[in-house]
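# Results of the structural survey
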Amino acid sequence: MTSLLVTGASGLLGRYLLDAEWSDDRVVGTYHTTPVEADHETVHLDVRDREQVERVVERVDPDVVVHSAAATSVEACEEKPELAHETNALGTKHVVDAAAAVGARVVYPSTAYVFGDDAPVHIEDDEPAPMNRYGRSKLDGERYVESASPAGTIVRFCVVVSIDRADRSDFGSWVRGQLEAGERVRLIDDQQITPTVLTDAVDALGYLIEHEETGVFHVTSPERMTRYELGREIAHRHGLDPELVEPIPMTEMGWEAPRPRHLCLGSEKLRRYGYETARIRTE
Ligand SMILES: C[C@H]1O[C@H](OP(=O)(O)OP(=O)(O)OC[C@H]2O[C@@H](n3cnc4c(=O)[nH]c(N)nc43)[C@H](O)[C@@H]2O)[C@@H](O)[C@@H](O)C1=O
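Here we summarise the structure given alongside this text. Fair warning: this is a prediction, and the values are worked out from it, not measured in the lab.

Conventions and cut-offs
Residues numbered from 1 in each chain as written. Predicted model: local features only at pLDDT ≥ 70, side-chain atom pairs only at ≥ 80, totals over all residues. Heavy atoms only, no water. Helix = DSSP H or I, 4+ residues; strand = E, 2+ residues; numbered from the N terminus. Rg over C-alpha atoms; globule rule 2.2 N^0.38 Å. Buried < 20%, exposed > 50% of the residue type's maximum accessible area, 1.4 Å probe, protein only. Contact = heavy atoms within 4.5 Å. Areas by Shrake-Rupley, 256 points an atom, 1.4 Å probe, with all protein chains shown as cover. Patch = residues over 30% accessible without salt bridge, like charges linked within 9 Å, V, L, I, M, F, W, Y side chains within 5 Å. Salt bridge = Lys/Arg side-chain N within 4 Å of Asp/Glu carboxyl O. Lys, Arg positive; Asp, Glu negative; His and termini not counted. Charge placed at Lys NZ, Arg CZ, Asp CG, Glu CD. Disulfide = S-S within 2.5 Å. Pairing = 2+ DSSP bridges. Axes fitted to C-alpha atoms, helices over the stretch in contact; angles between N-to-C directions. Near = heavy atom within 4 Å. Polar contact = N/O pair within 3.5 Å; in protein donor to acceptor, adjacent residues only side chain to side chain. Phe/Tyr/Trp six-rings, centres within 6.5 Å; stacked < 30°, edge-to-face > 60°. Core = buried A, V, L, I, M, F, W, Y, C linked by side-chain atoms within 4.5 Å. Domains from an automatic or database assignment.

## A closer look at the overall build of the protein
The secondary structure content of the protein amounts to nine helices and 14 strands. Its C-alpha atoms give the protein a radius of gyration of 18 Å, within 12% of the compact-globule value 19 Å for 283 residues. The dimensions of the protein, computed from C-alpha atoms along their principal axes, are 55 × 40 × 35 Å. The proportion of buried residues among the 283 residues of the protein is 55%. Within the protein, residue pairs in contact and separated by at least 24 positions form 74% of the contacts whose partners lie at least 6 positions apart. A total of about 12,300 Å² of accessible surface is found on the protein, and carbon and sulfur atoms cover 44% of it.

Rendered as structure tokens:
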């Protein structure tokens, strides 16, 4: 029986982790601003507060800490670099240090934004070169996990989407909700992504925890596509009108943070380790 502490349990990933079928062991979740309704114990935690992190980790005394608490808005991190640094870099250091003190392994969800535009697809061994402050702060967090003892696990995702549900605040749910309401959606057609299906993100984390794999892993669909193509695929999957999906360039988003045109991760390593991620395209 594995005892888990999941930080960021009110976030997209954390919330699912708490409900995941594989997490029927002892699980405690932490939240920062939004309390979580769950079958498991949840506790307030600000990962920026080193002493609070130490207290919670010591009390829960987990085998594994899944550290999914993070400032995940790319734009907010660009506007408030100190928030990105304190939450994603220092917060991770606090978790890594506290986990080491109780002998717990750290599993760290990270992001494709640790890479820039120097290659169309990046694999685990490639040298990160973030283009924005969010990517930089998550890479700083990765560095702490890399030097963790016991050895940690870094799991990079691309844009996390649900494709078969519409009950979350993720990109896929939003697109489906708009299409179901007969509303047009204008989606980026000049940035390639390898989306991470939400259920894959959760199940692959479970797989890596169960098999006690350490090091860096990418978890994404093997297919490259734009958000525009993804939106049309979501329409097809659910019998909705793909003509409601319109292409726009990234410049129309008015984003401050620079973003690579190729935000693609190769996840062949995970397949070699025996885990197959879902395909998104149906045709
Ligand atoms: C890998 C990486 O992936 C993500 O970062 P992101 O690239 O900033 O993309 P996002 O999905 O968070 O979009 C940011 C905002 O922008 C809107 N948005 C996006 N794409 C279109 C789009 O195509 N059309 C419209 N209308 N709105 C869009 C979207 O609704 C939201 O309000 C994060 O998970 C992040 O934590 C992470 O790690």
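The structure having been displayed, the exposition proceeds.
## Focus on a negative patch on the surface
A surface patch of negative charge is lined by Glu58, Asp61, Asp63 and Glu212. Note on placement: aspartate 63 falls in the loop between helix 2 (50-60) and strand 4 (64-67).

## As for the state of the cysteines
Tallied over the entire structure, the rule returns zero disulfides. With no disulfide of its own, cysteine 77 lies 16 Å from the sulfur of cysteine 158, the closest cysteine sulfur. The thiol sulfur of cysteine 264 is not disulfide-bonded, and the nearest other cysteine sulfur, from cysteine 158, lies at 6.3 Å.

## So, the sheet that holds strand 6 (residues 153-157)
Spatially, 3-2-1-4-5-6-11 is the arrangement adopted by the seven strands of the open sheet, whose pairing is parallel. Each edge of the open sheet carries a strand with a single partner, namely strand 3 (41-44) and strand 11 (215-219). For this sheet, the mean inter-axis angle between neighbouring strands, taken without regard to orientation, is 20 degrees. For strand 5 (residues 105-111) and strand 6, the ladder comprises five bridges, and the chain directions are parallel. When the bridges of strand 6 are listed, proline 109 appears paired with valine 155.

## Observations regarding the site of the ligand
As a structural note, the neighbourhood of the ligand is formed by 16 residues, with Thr72, Thr111, Tyr113, Arg186 and Arg259 the closest of them. One of the side-chain N or O atoms of tyrosine 134 is found 2.8 Å from an oxygen atom in the ligand. Here an oxygen atom of the ligand sits 2.9 Å away from a polar atom, N or O, in the side chain of arginine 227. For the ligand, the protein covers 73% of the area, taking 720 Å² as the surface of the free molecule.

## Description of the packing of aromatic side chains
Under the criterion given, the structure shown has four aromatic pairs. Ring centres 6.0 Å apart and planes at 50 degrees place the aromatic pair phenylalanine 171 and tryptophan 174 in the tilted group. With phenylalanine 171 and tryptophan 174 both in helix 6 (residues 171-180) and three residues apart, this pair spans about one turn of that helix. Overall, phenylalanine 171 belongs to the buried group, its relative accessible area being 15%.

## Some words on the nonpolar core
Ile163, Val175, Leu179, Leu187, Leu230 and Leu263 are the most contacted members of the largest nonpolar core, which totals 33 residues. Residue assignment for this core shows that the elements contributing at least two residues are helix 3 (74-79), helix 5 (133-146), helix 6, strand 8 (185-188) and helix 8 (227-237). At four residues, the largest contribution of residues to this core is made by helix 8. Of the domains in this structure, domain 1 (3-158 + 197-219) and domain 2 (160-193 + 223-272) are the two that each give at least three residues to this core. If we skip the residues at most four places from it in the chain, isoleucine 163 touches Val197, Leu230, Ile234, Arg237, His238 and Ile280. If you look at the next biggest cluster of nonpolar residues, it comprises 29 residues, including Leu4, Val202, Ala204 and Leu208.

In short, the description is geometric, and any link to function would need to be established separately.
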